[in-house]
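Structural description and commentary
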Amino acid sequence: MPFYIDGADEVNANLHMIKGGGAALTREKIVAACAERFICIADGSKYVSQLGHFPLPVEVIPMARSYVARELVALGAEPVYRQGVVTDNGNQIIDCYEFMIADPVAMEARINAIVGVVTNGLFAARGADILLLGKSDGVERIATS
């Protein structure tokens, strides 16, 4: 697929993102992985110096929810089960609050290594190639090298 265009819940200067506020993070990650170019469109309020102001969603297999939550606490997060939400894949979402992320690539891998995690909303190993950032004075284009 030549390109994928989508938004982000948060994005930093390295074009690492938090996505999945709408609970479709696994499918979004699959599409991003298949795309040659990932173009993110966001408004200036989504641009942050450090990811973690927006709660990080983690898709989990239902029977592993409690175990995964305990592991997320050990990583420094405050996990909250998103009640009443079932993903397109039949799984559940745990949102991680109070979880500032210094190294998004490493944390993405660390969370994905927890047994029972389907994936998490960090798009860092495969971040955006281009960010079109809407600002009061126009659109800024930011691209990875």
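If you check an unreviewed UniProt entry, the chain appears there as Ribose 5-phosphate isomerase A from Vreelandella sulfidaeris.

The final tally for this structure, using the stated rule, is 1 aromatic pair. Between Tyr4 and Phe38, the aromatic rings sit 4.8 Å apart at their centres with planes inclined by 35°, giving tilted as the arrangement. Highlighted residues: Tyr4 in strand S1 (residues 3-6) and Phe38 in strand S4 (residues 37-43), separated in sequence by 34 residues. Assigned by exposure class, Tyr4 and Phe38 land together as buried. The ring centre of Phe123 lies 5.3 Å from the NZ or CZ of Lys29, which sits over that ring.

The next point concerns a nonpolar patch on the surface. Taken together, the side chains of Phe3, Ile5 and Ile41 make up a nonpolar region of the molecular surface, amounting to roughly 290 Å² of accessible area. Along the chain, the position of Ile5 falls in strand S1.

Scanning the model with the defined rule gives 8 salt bridges in all. Ionic pairing is found between Lys19 and Asp6, a salt bridge with its closest N-O pair at 2.9 Å. You can see Lys19 sitting in the loop between strand S3 (17-18) and helix H1 (25-34) and its partner Asp6 sitting in strand S1, a full 13 residues away along the chain. Overall, Lys19 belongs to the buried group, its relative accessible area being 3%.

So, how was this worked out
- Residues numbered from 1 in each chain as written.
- Predicted model: local features only at pLDDT ≥ 70, side-chain atom pairs only at ≥ 80, totals over all residues.
- Heavy atoms only, no water.
- Phe/Tyr/Trp six-rings, centres within 6.5 Å; stacked < 30°, edge-to-face > 60°.
- Helix = DSSP H or I, 4+ residues; strand = E, 2+ residues; numbered from the N terminus.
- Buried < 20%, exposed > 50% of the residue type's maximum accessible area, 1.4 Å probe, protein only.
- Lys NZ or Arg CZ within 6 Å of the ring centre and 35° of its normal.
- Patch = residues over 30% accessible without salt bridge, like charges linked within 9 Å, V, L, I, M, F, W, Y side chains within 5 Å.
- Areas by Shrake-Rupley, 256 points an atom, 1.4 Å probe, with all protein chains shown as cover.
- Salt bridge = Lys/Arg side-chain N within 4 Å of Asp/Glu carboxyl O.

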